[in-house]
Each structure stands twice: as structure tokens, then as C-alpha cells.
Amino acid sequence: MSNNLLKGKKGIIFGALDEKSLAWKTALKCYEQGAQIVLSNAPVALRMGEINKLAEQCGNAPVIGADVTSMEDLKNLFEKTTEHFGGKIDFILHSIGMGINVRKGKHYTEMNYEWNLKTLDISAISFHKVLRTAWDLDALNEGASVVALTYIAAQRVFPDYNEMADAKSLLESITRMFGYYYGEKKKVRVNTISQSPTKTTAGGGVKGFDGFYNYADKMSPLGNAPTEDCANYITVMFSDLTRMVTMQNLFHDGGYSFTGVTSSIIEQMGDLK
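Predicted model only: the values in this text are computed from it and were never measured.

So, about a nonpolar patch on the surface. A cluster of nonpolar side chains, contributed by Met177, Tyr180, Tyr181 and Met247, occupies part of the molecular surface with about 400 Å² of accessible area. With respect to the helices, strands and loops of the structure, Met247 is situated in the loop between α9 (227-238) and β6 (249-252). Of the residues examined, Met247 reaches a relative accessible area of 31% and is grouped as partly exposed.

In C-alpha cells:
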């Protein structure tokens, strides 16, 4: 159901890979709520062709490829986007992450540091580059909202999350620091959302994902938060209803982040005796 929460707003959605992805669901939700959007992803992801289906569902939204580690690509993206909209941008979603050591099966204590640098560049420093490009080009409207997706492994140990925990920690630090400066300059809000383990194409690539997904579901009073609800939350963060929220890491995880133990976990452990 639409109530035009984002009517008249314009934004960029990074990272929509396929129908399972949070960025994909968010793009549809933003469009449903009245927004105009531009879709962007890495050139290799665009060659898969899936994003064109999303573009059609979002009113034939433009698809502009960009390597988020390249300042030149980002400059081109923002220039073409503001030209398309005929003005500045109101919101951005950064839904980007890749753990090279994770993908190649390297243990955290034995990581390849060159791969690690690429992981940090793609998964965290790219957020600084996106914000920096928008800052340099003065591409955001006053009071605009920027959201990046993170995970609770930035604060707690999840062994199989590997180097991505470090990347998410850096991502959240960038959110606070750049959020401070952008808030002072143009009242722009910068936040991260820490989502439940989610059965996306990227999430499913983490070792032991299914077991942890079920564990988190039992540890959350409300259960794991579905992608559709995360898209709703992001949409609210893009709206004027949250214009005084910035520099925050917002948990969207059914209560997992503040639950010590649940009765179902205690019962399960008792059954193991």
C-alpha cells in the first residue's frame, strides 16, 4: 500500500543484484512510495542482466554502471543522475559488500592482506567515496538521507563473518564521521541499518549461514526481520519522518541485538544433555 511517503523525492540505489537482495526490495518500495530512482551496480553485476527487470518495474529507471572504488566512475554517476533528475538528490542507499578472503576460503588468522585491502575498499571505503563525491559536486539536497547496510558483527564476534566484520566496523565509523560533517553543512542524515541475517545471494555465501540464520531466529523475540520489512524501514529513513536521525547504527533484527538468551535456546541446550 502506498501513502506517497517519498512523493517528489529522487535517489540512487546501489547494489540491487537480484530479487533476493535488500537493495532490490528497497528500490521497489521507494518507487511504490512515489520516489524516482536511478539504479547503479558494478559493471560485472550489470552484465548479469537482472537489474534491467527491476528498472522496468520502477518506471523504466535509468541503470548507470559504476565501480564504487573509482572516483571517476562515481563522478560520472552523480553527474548523469542529477542531469536525469534535473536537480539534486534526496536519498542514497549503499548496499555493497564483498569479502575476498571469505569467498576464497581464507581463515581470519591467515588472511591475504592484498585481498583484505580490496574488501575494505569495496565494502567500506566506497561509502566514503560515495559521500565525498556527493559532497564535492554538491549533489544532495538539504536534509537528504543516506543509508548503508551493516551487520552486528561490527560489534560482536561471529567467526565465519571473517574480514567483513572489520569492514562493517569501518563502515559504521565513516557513517558517524561523515554524518557529522554533512549534518553541519547541509542537514544531510547519514545512518547505517544493521539487518538480521538475510537469505540473499550474498548472505548465503557465508560459511555456516543456514545454521546461524536458524539460531538468530530463535534468539530474536520477533524472529528474523524479513527483507520486505527492512525495505520498509529504509524507506522511512529516506522520508521526512526521520529528519532528525543521523550518525546512528539502527538495529533491524527482531530484537536479537539486545537479547541475552531465549527460552527456546535454553530448551534446545537442555535437550542436548
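Text resumes after the structure shown.
Another point: the sheet that holds strand β3 (residues 89-94). Taking strand neighbours across the sheet as the criterion, the six strands line up as β2-β1-β3-β4-β5-β6 in an open arrangement whose pairing is parallel. A strand with exactly one partner marks an edge of an open sheet, and here the two such strands are β2 (36-40) and β6. Across the sheet, the mean angle from the axis of one strand to that of its neighbour is 20 degrees, orientation sign disregarded. Bridge count for strand β1 (residues 10-14) against β3 is four bridges, and the pairing is parallel. Its bridge partner lying in β3, Gly11 is registered against Phe91. In the packing of helix α6 (residues 113-137) onto the sheet, the strands contacted are β1, β3, β4 (140-150) and β5 (189-195), and the crossing angle to β3 comes to about 170 degrees.

Before going further, it helps to spend a moment on the pairing of β5. Buried residues dominate β5, accounting for seven of its seven residues. Handedness of the β-α-β unit built from β4, helix α7 (residues 164-186) and β5 comes out right-handed. Note that β5 and β6 share four bridges and pair parallel. Bridged to Ile193 within β6 is Leu250.

Turning our eyes to something else, we now look at α6. At Ile125, α6 shows its largest kink, close to 50 degrees. With a side-chain oxygen lying 3.0 Å from the backbone nitrogen of Glu114, the N-terminal cap of α6 falls on Asn112.

Moving on to the side chain of Asn224. Assignment of secondary structure puts Asn224 in the loop between α8 (209-219) and α9. A distance of 2.9 Å separates a polar atom in the side chain of Asn224 from the backbone oxygen of Tyr213. Contacts of Asn224, omitting those with residues within four sequence positions, involve Ser196, Pro197, Tyr213, Ala216 and Asp217.

What follows concerns the environment of Asn52. In this fold, Asn52 is placed in helix α3 (residues 50-57). Expressed as a C-alpha distance, the spacing of Asn52 and Val63, which sit 11 residues apart in the sequence, is 7.5 Å.

A few words on the nonpolar core. The biggest cluster of nonpolar side chains holds 30 residues, and the ones touching the most others in it are Phe14 and Leu140. Among the elements of the structure, β1, α4 (71-85), β3, α6, β4 and α7 are those that each provide at least two residues to this core. The leading source of residues in this core is α6, at six residues. The contacts of Leu140, once residues within four sequence positions are left out, are Lys88, Ile89, Ile92, Ala134, Val146, Tyr182, Lys186 and Val188.

By volume, the second largest pocket is sized at about 230 Å³. Along the walls of the second largest pocket sit Gly143, Gly183, Lys187, Val188, Arg189, Asp240, Arg243, Met244, Val245 and Thr246, which together make up its complete lining. Here the lining of the second largest pocket is built from residues that sort into three nonpolar, three polar and four charged.

The rules behind the values
Residues numbered from 1 in each chain as written. Predicted model: local features only at pLDDT ≥ 70, side-chain atom pairs only at ≥ 80, totals over all residues. Heavy atoms only, no water. Patch = residues over 30% accessible without salt bridge, like charges linked within 9 Å, V, L, I, M, F, W, Y side chains within 5 Å. Areas by Shrake-Rupley, 256 points an atom, 1.4 Å probe, with all protein chains shown as cover. Salt bridge = Lys/Arg side-chain N within 4 Å of Asp/Glu carboxyl O. Helix = DSSP H or I, 4+ residues; strand = E, 2+ residues; numbered from the N terminus. Buried < 20%, exposed > 50% of the residue type's maximum accessible area, 1.4 Å probe, protein only. Pairing = 2+ DSSP bridges. Axes fitted to C-alpha atoms, helices over the stretch in contact; angles between N-to-C directions. Contact = heavy atoms within 4.5 Å. Right-handed = clockwise from strand over helix to strand, strands pointing away. Bend = angle between axes of the 7 residues up to and from the residue. Polar contact = N/O pair within 3.5 Å; in protein donor to acceptor, adjacent residues only side chain to side chain. Core = buried A, V, L, I, M, F, W, Y, C linked by side-chain atoms within 4.5 Å. 1 Å grid on protein atoms, 1.4 Å probe; cavity = no way out; pocket = protein on both sides within 12 Å on 5 of 7 lines; lining within 4 Å. Points joined across faces, edges and corners; volume = space filled by probe spheres on them. Nonpolar A, V, L, I, M, F, W, Y, C, P; charged D, E, K, R; others polar.

By themselves these figures say nothing about function.
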